[in-house]
Amino acid sequence: MMRTVHLAQVNYQYGRNTFLPYSVGRLWAYASSVPALAASYALGELFFLREAPERVVRRIASPDVVGISCYLWNWQYNLALARALRAAFPRCLIVLGGPQVPSRTDGFFTEHPYVDLLVHGEGEIAFAAILRERLSPAPEYRIAGVTAAGRDGATRHTPGAGRITDLARLPSPYLTGVFDELMALPYAFHASQETNRGCPYRCTFCDWGSAVFQKVTALCPEQVAEEIEWFGRKRISLLYNCDANFGLLPQDVAVARHLVETKRQYGFPEKFRAAYAKKSSERVYSIARTLNDAGMSKGVTISLQSLHADTLEAVERHNIAVGDVGALLERYQADGIPTYSEIILGLPGETYDSFADGIARLLEAGQHRGINVYPCISLCNSEMAVPAYVARHGLRTVRVPMLLLHGSPGHDGIEEYYDLVVETATMSHAEWRRAYLLAWAVQAFHCLGLLRELAVSLMRLRGVSYRTFYEALIAFARANPATVVGEEYRATEALLDRVMAGGSWDLVEPRFGAVTWPPEELTFLRVAAEKQRFFREIGGVLVQWLPDPDPSALWRDVLAYQYLRVVTADTPVHTEILLDHDVHGYLAGSPAASPAPRRRRVRLHMEARGAFDGDWEAYARDIVWYGRKGGDGGIVGIEVEPEPRVGRPARAPAVGQVEAP
Ligand code: SF4
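Parameters and conventions
Residues numbered from 1 in each chain as written. Predicted model: local features only at pLDDT ≥ 70, side-chain atom pairs only at ≥ 80, totals over all residues. Heavy atoms only, no water. Pairing = 2+ DSSP bridges. Helix = DSSP H or I, 4+ residues; strand = E, 2+ residues; numbered from the N terminus. Contact = heavy atoms within 4.5 Å. Axes fitted to C-alpha atoms, helices over the stretch in contact; angles between N-to-C directions. pLDDT = per-residue confidence, 0-100. Buried < 20%, exposed > 50% of the residue type's maximum accessible area, 1.4 Å probe, protein only.

## A word on the sheet that holds strand S15 (residues 339-345)
Argument step 1. Taken together, the three strands give an open sheet; going across it, the order is S14-S15-S16, and neighbouring strands pair in parallel fashion. Looking at which strands have only one partner, the edges of the open sheet turn out to be strand S14 (300-301) and strand S16 (371-375).
Argument step 2. Of the pairings in the sheet, the one linking S15 to S16 comprises five bridges and is parallel in character. Along S16, the bridge assignment pairs Ile344 with Tyr374.

What follows is the structure, given as structure tokens:
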């Protein structure tokens, strides 16, 4: 009689969107290619959604083996599922694998007696060996890379498995039909794809960078190409590339070309997302250009994590030289290729000053849209979680419920957690909070576009540094709690209080859809919804630098231009304003091209991507959620039309008295 194997790799749903369970699909694709296993086992249901474990268990009968793929976002769920499976099917073999399976396993089986085996590292060969051993009369599971529960729950270690050297022998789950049944279900599936495994770097905050995974090994190029065809035929809208450094290997150029050809032929995949190679090269640039020209790019990562030399040394991170970032950004911007840069808050060696200066340098280098700041998470298998490292850098962590970016709030009632680094030897917790709030302000008000043009103008015309400007905005917010920005500041402070007490990051506001928002995006949305009040109040921040009233009306024009650029759900498709200075031309050009906006009467025509007619949910989804990375803020174009001088206002309005055009 055939035995049944179930595999689980659950993820959150994002509306109708969810992920195909790629990693466990690979396990089955390989296991079923071994004749002895194909003759003995059949694949039962693949679990890919966070359903209540009891519901899952009720639906299945007599599973022989259940393999569960674990990462940060499904660890607690998986433990609950394993517990429910053990209670219902005591003889079932329950196997956990994936990056979240701890490498330090002492005591694990005492704490989790419902788990039988842990698989460390790559899973295909080990899982097949487990299935083979399971067929023997007295299975022992002395398998490389597998930790087993010994007698009385004690841990029985086996040596590590080493890497799979011949990845070409691993069949593809897409091409072997593992997902065919799932594709008939009413979900919009995203797909994941590896073209290689391994990473040559060893960042201490990452659970990928380790001696074992340093060698980069390519998967079979023919298989990669055939999978891309599959994504096209199956109308996969979003493809996630799982490589640690896409663009590192020469064959990645062919992958990008093939993606574009496939989109041309089938219309899919529509979008492609990847973590690009850290040392951005000519190859990365050419790949990015190929994808961007085809409208497939979700932005190129120019990942930095920190701009502070001591920090980069402490985390063993090798970035491109900070001085080269500006030139690189300029090159991408000239070709209209969006980029984004990630920064981690709370890394060892960082201080408030180095963090704030790093953000300001990144803005000065021209990264005005794509800065994403993430609080540092201590991953259980990273070097950062090793006790000696923790002690050396004075890391203090707080376990908090995981921030579910853009997920639909779950119905399984199981919270996932992570360990946030909230204090280090060089950054007190008070400074961490201060840095968090600065990052929040820069992302919400600058990168998402509420005050970007104003801040750039102040920098170029008055030499007001970005750090000074956003610190002043925060000071204003603190001192004026009844203003729009003050309300948002208080809400963010309250959120930090909640999280530090072990509460959730999750922010859901029904008018923007049943989606959990990161704090800076929700701030952007709420401020955009209060656009007129916000712009009336913002003069309070500006008076310290600007004349009031402004005799040339320059700053009135800058503010009017800034106001125009904030597209909301109520913005019509076409908007026009009259200005006495060509602020648009000035900001679109380089600082060297012109010292100040040209004084001439111009009519600006702004075309928005679409009229949302007050539909804030659609706006939030299109402009902020989907549009943040690589988006245009909802602006299709701005045209400047010279206007004959037809008279001037008798007196320029005071700074901050901007009214809707
Ligand atoms: S963070 Fe990226 S570059 Fe660093 S070790 Fe991890 S995968 Fe490699």
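## Section: the sheet that holds strand S5 (residues 93-97)
Argument step 1. One open sheet holds the seven strands; their spatial order is S3-S1-S4-S5-S6-S7-S8, and the pairing between them is mixed. Each edge of the sheet is formed by a strand with only one pairing partner; in this case those strands are strand S3 (41-49) and strand S8 (155-156).
Argument step 2. Of the pairings in the sheet, the one linking strand S7 (residues 146-149) to S8 comprises two bridges and is antiparallel in character. Bridge assignment links Ala148 to a residue of S8, and that residue is Arg156.
Argument step 3. Most of the contacts of helix H1 (residues 22-31) go to strand S1 (residues 3-11), to which it runs at about 160°, and overall it touches S1, S3 and strand S4 (65-69).

## Here's the deal with the confidence of the model for the protein chain
Argument step 1. Scored by pLDDT, the protein chain comes out at a mean of 92, with 96% of its residues at no less than 70.
Argument step 2. Here residues 647-654 scores under 50 on pLDDT; set against residues more than four positions off or in separate chains, the count is 12 contacts.
Argument step 3. Counted against residues more than four places away or in other chains, residues 656-661, with its pLDDT under 50, gives 15 contacts.

## Observations concerning unusual backbone geometry
Residues other than glycine predominantly adopt negative phi, and peptide bonds predominantly adopt the trans conformation.
Argument step 1. Cis peptide bonds are those with omega within 30 degrees of zero, and the linkage from Phe268 to Pro269 qualifies with -10°.
Argument step 2. Relative to the helices and strands, Pro269 resides in the loop between helix H8 (252-266) and strand S13 (271-273).
Argument step 3. A positive phi angle, near 70°, is found at Gln305, a position not held by glycine.
Argument step 4. For Gln305, the position within the fold is in the loop between S14 and helix H10 (309-314).
Argument step 5. Given a relative accessible area of 7%, Gln305 falls into the buried group.
Argument step 6. In the Ramachandran plot, Asp613 falls in the positive-phi region, its phi being about 50° despite a non-glycine side chain.
Argument step 7. Tracing the sequence through the fold places Asp613 in the loop between strand S20 (599-608) and helix H23 (616-625).
Argument step 8. Asp613 gets classed as exposed once you look at its relative accessible area, which sits at 70%.

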